[in-house]
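# Coordinates in review
So you can see what is in the structure, the chains are spelled out below.
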Amino acid sequence: MPEGDTVWLAARRMHDALAGRALTRTDFQVPQLATVDLAGQNVQDVVSRGKHLLTRIGPDLTLHTHFKMEGSWHLYRPGERWRGGPGHQVRILLENSEWQAVGFRLPVVELLKRSEEGDAVGHLGPDLLGPDWDLEEAVRRLLAAPDRSIGEALLDQRNLAGIGNLYKMEVLFLQGVSPWTPVGRVGDLPRLVSRAQLLLEHNRDEPAQVTTGDTRRGQHHWVYGRGGRPCRRCSTTILVKGQGDPAYERVTFWCPRCQPEPAQAEPS
Ligand SMILES: [Zn+2]
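Reading guide: rules and limits
Residues numbered from 1 in each chain as written. Predicted model: local features only at pLDDT ≥ 70, side-chain atom pairs only at ≥ 80, totals over all residues. Heavy atoms only, no water. Core = buried A, V, L, I, M, F, W, Y, C linked by side-chain atoms within 4.5 Å. Buried < 20%, exposed > 50% of the residue type's maximum accessible area, 1.4 Å probe, protein only. Helix = DSSP H or I, 4+ residues; strand = E, 2+ residues; numbered from the N terminus. Contact = heavy atoms within 4.5 Å. Pairing = 2+ DSSP bridges. Axes fitted to C-alpha atoms, helices over the stretch in contact; angles between N-to-C directions. Parallel < 35°, antiparallel > 145°, perpendicular 65-115°, else oblique. Left-handed = near helix turned anticlockwise from the far one by under 90°. Expected span 1.5 Å × (residues − 1). Arc of directions from axis to C-beta. Donors = N, O, S within 2.8 Å, 3.2 Å for Na, K, Ca; no water. Tetrahedral: all angles 85-135°; square planar, octahedral: opposite > 155°, others 65-115°.

## Notes on the nonpolar core
- By size, the foremost hydrophobic cluster in this structure holds 35 residues, and its most contacted members are Leu142, Ile150, Leu154, Leu160 and Leu189.
- When residues of this core are traced back to their parent elements, those giving at least two are helix 1 (4-18), helix 3 (135-143), helix 4 (150-155), helix 5 (165-175) and helix 6 (189-203).
- In terms of residues, this core owes the most to one element, helix 5, which gives seven residues.
- Setting aside residues up to four positions removed in sequence, Leu154 forms contacts with Leu142, Leu160, Ile163, Lys168, Val171, Leu172 and Leu192.
- The next biggest cluster of nonpolar side chains, apart from the first, holds 23 residues, and it includes Val7, Phe28, Ile57 and Ile92.

## Some points on the sheet that holds strand 1 (residues 25-28)
- An order of 1-6-7-5 is seen for the four strands of this open sheet, with the pairing classed as antiparallel. Strands at the two margins of the open sheet, each flanked by one partner only, are strand 1 and strand 5 (72-76). Looking at each pair of strands side by side, their axes are set apart by 15 degrees on average, direction ignored.
- Relative to strand 7 (residues 100-104), strand 5 runs antiparallel, the two being bridged by five bridges. Within the sheet, the bridge partner assigned to Leu75 lies in strand 7 and is Ala101.
- Contacts from helix 1 reach strand 5, strand 6 (90-95) and strand 7, with the element oriented near 35 degrees to strand 5.

## Considerations on the packing of helix 5 against helix 6
- One way to put it is that helix 5 packs onto helix 6 with a least axis distance of 10 Å and a crossing angle of 125 degrees. On the basis of the axis angle, helix 5 is oblique to helix 6. Where helix 5 crosses over helix 6, the handedness of that crossing is right-handed. Each of Tyr167, Val171, Leu172, Leu174 and Gln175 in helix 5 lies in contact with helix 6, whose residues at this interface are Arg191, Leu192, Arg195, Ala196, Leu199, Leu200 and Asn203.

## Things to note about helix 6
- Its 15 residues place the ends of helix 6 21 Å apart at the C-alpha level, agreeing with the 21 Å of an ideal helix rising 1.5 Å per residue.
- Regarding helix 6, the residues found buried are Leu189, Leu192, Val193, Ala196, Gln197, Leu199, Leu200 and Asn203. Down the axis, helix 6 shows its buried residues gathered within 155 degrees of arc, on one side only.
- Where helix 6 is buried, its residues meet helix 1, helix 3, helix 4 and helix 5.

## Some points on the side chain of His52
- For His52, the position within the fold is in strand 3 (residues 52-57).
- Non-local contacts of His52, meaning those with residues more than four positions away in its chain, are made with Val7, Val47, His64, Thr65, His66, Ala120, Val121, His123 and Leu124.

## What about the coordination of the zinc ion?
- Looking at the zinc ion, one finds its protein donor set to be Cys231 (SG), Cys234 (SG), Cys255 (SG) and Cys258 (SG), positioned 2.3 Å from the metal centre.
- Taken together, the four donor atoms surrounding the zinc ion define angles of 100 to 113 degrees at the centre, an arrangement classified as tetrahedral.
- All donor residues of the zinc ion come from one chain, and their arrangement in sequence is C-x2-C-x20-C-x2-C. Here Cys255 lies in the segment after strand 10 (250-254) and Cys231 lies in the loop between helix 6 and strand 9 (239-243), a separation of 24 residues in the sequence. Cys255 matches Cys231 in its accessibility class, with the two residues each being buried.

Given below as structure tokens:
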């Protein structure tokens, strides 16, 4: 699942393959960019902002892509067979003399002026893997809606950028917090957010998203994808339920014993 760490690693690999070199061929399989040809332009750098990828090309252009649930970038040597999906799922090819970067199933593809990057990513909260990560600001944004459930708030990229559904569930388990706890009633919010940041940071150099420290197959996660199975800590059955606005509802897994809901507020 593409989360902040996945996109960070993609950006680093893309940067290593493309930055500082001229593109020799480009192909955009998206209607609004079908006539664009960036051959001859130099790639300046490739950076991630939360789950967004920005590829800065030439003096003034930025290619903005977002993975959402299904997209990915793959790197191939020229002549190597593409394995990211059937040809009709290819959205972008960026090629130089040594590499082909192929974007599959990218739901968001737009070419911006460099000065317009803010329109694409300016709404994002502090980036957990960004150079400007700001814990206090992320906590401040989360607490601005204290009645919202922490499970929904952590996924809102306007609060902090980079946490997807997997890390949301895993960090809530590690912190012993129910996904339905209102943000304002989470015991130690800065610690929870710091923990999420560490999880992403520890995983960013590897494609695997391991939160248990156990890299054996099937042992990577505490609760994610484990509905109906026993909790690794207490053997209670892991529960699963949709959470959030029905239009954006995300499946959530949690252990009701390790992550109890807070007691009802005391009468004032
Ligand atoms: Zn448990």
